[in-house]
Structure formats: C-alpha cells, structure tokens
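Summary of the model geometry
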Amino acid sequence: MLKKLLKIFFPQICSSCSYIILENENFICTHCRHNLPLTNFHLLQENEGFKKFYGRLNLNHVSSMLFYNKKGIVQKLIHNLKYKNHQEIGTILGNWYVEDLKEIESLKNIDFIIPVPLHNKRLKERGYNQVSSFCEAIAMGLDKKIEKSILFRDEYNMSQSKKNLVNRNLISHTTFNANYLEMHHNKHFLLIDDVLTTGATLEACGSEILKIPGSKLSIVTIAMSMS
C-alpha cells in the first residue's frame, strides 16, 4: 500500500524523455527503448568504432552499443548517468548489451575488465565513476573480473564536455599510467568507457595497457559520437 501511495505522489519518470513510466517498465520507457539508436557494431569486426583506432592501437575488437547525437535520447541518458548519479542507467544498458557481447568470439577469452578511471580528485567531487555500473553489468554477464588496480589517471583535467574537439585530441599519454604485476602478463583486457568521441582518452589508456608484456586489448563503450 505504501509503495503504491509513493508511486502516486512521486511517480517514476523515464531517464530519457521524463515521462511517467508504467509499472512494468524500468527507468527507461518502452517508447525510448524502442527508439534507441543501436549501432550493431558487434556484428562487424571492422566497424566504425574499430576504424577510429587504425594506426593508433592494435586492438582485437571495438564495440559501442549506441550512437550518440546532441539533444538525442542517448545524450539525455548519458547526462543523467554521468551528472545526476542515475547509475541504474548503466546497469540496464549493460544488462542489455552484454547479451550481444556474449556472441563475439574474440571477447570469449577476456581475462580482465578495466573501466577508464577518473582522477582521485574528480572521483571525490563526483562521488562515483559514471562507467562503473555499466562495467559491472558487463563483467557479471561475461563472468569476468573487474581489475581497477592496473590503470591510474595521474593528471586532473577539465571535463571532456567542456573541451572543444581539438583539445580532446591533445590528451597526453602521460595522463594515464599502468601498474601491473607478472600475473597480468599475456592477458586479454577489455577497456570500458561511456562515450567514444575522438578516441584520444581510450588511445591514451590503451597505450599504457599494451605496455604489459604479451597483452591484448579490446574496447567497449556505451555510445559513440557521430560528430
């Protein structure tokens, strides 16, 4: 009875369109879910995400779940995940996408999953890493371990959303560092982030991970920007 009363006075709204969602819906309404711009990158090895890293990183696989467009459904979802602490969005999207990732042959030998880290100062400011819930859902679905002790962010930079396209490309490889043990040698790592834009951040992270002897690297993001 109390739950029903709470729903009447404090109805749950869709994390994308802000409409009241139905009882059988979960944070994202059926209309928005059916209109999510899926990339289907998991069906093609040399997809547009993979091509972004030609000549930059030696990768086994790249996948992005959704296309990201300004003022679109995905931008609203990412904004609520990143700045409003709606971590349930990452969990829901991760649970959906992992079913596609299970079908990718090159991801079946993943050893460790690494979320792109925040600088400790940024983490304290925000209180959470926006990619954590998505990463955890992927790890659970693939039955793989998340390894947060390898990759560290050494430089504190302004938010990516406040940078122009040129400055996003200027992320230094010294921004990130990898601390690894012998047990991490000859392993396949899956690097996970929220949005693939220029690829500069993922390139900087990936370059550090690939310094680990015998390492292999794949990348998965929630979305890929079309701009």
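Scoring rules and cut-offs
- Residues numbered from 1 in each chain as written.
- Predicted model: local features only at pLDDT ≥ 70, side-chain atom pairs only at ≥ 80, totals over all residues.
- Heavy atoms only, no water.
- Salt bridge = Lys/Arg side-chain N within 4 Å of Asp/Glu carboxyl O.
- Helix = DSSP H or I, 4+ residues; strand = E, 2+ residues; numbered from the N terminus.
- Buried < 20%, exposed > 50% of the residue type's maximum accessible area, 1.4 Å probe, protein only.
- Pairing = 2+ DSSP bridges.
- Right-handed = clockwise from strand over helix to strand, strands pointing away.

Our focus in this paragraph is the pattern of salt bridges. This structure, assessed with the given rule, holds six salt bridges. Among the salt bridges present, the one from Glu 48 reaches Lys 51, with a minimum N-O distance of 3.5 Å. Of this pair, Glu 48 and Lys 51 both sit in helix H3 (residues 48–51), three residues apart, roughly one helical turn. For Glu 48, a relative accessible area of 45% corresponds to the partly exposed category. With a shortest N-O distance of 3.3 Å, Glu 105 and Lys 108 are connected by a salt bridge. Given a relative accessible area of 58%, Glu 105 falls into the exposed group. Residue classification places Lys 108 among the partly exposed positions, given a relative accessible area of 48%.

To continue, consider the pairing of strand S7 (residues 216–225). Residues in a regular strand project their side chains so that they alternate between the two faces of the sheet. For S7, the buried fraction is high: nine of the ten residues fall into the buried class. The pairing of strand S1 (residues 61–68) with S7 spans seven bridges and is parallel. In the sheet register, Ser 63 faces S7, and the bridge partner there is Val 220. The sheet contact formed by strand S6 (residues 188–196) and S7 spans eight bridges and is parallel. Among the inter-strand pairings, Phe 189 is bridged to a residue of S7, identified as Leu 217. For the crossover from S6 across helix H9 (residues 200–209) to S7, the handedness is right-handed.

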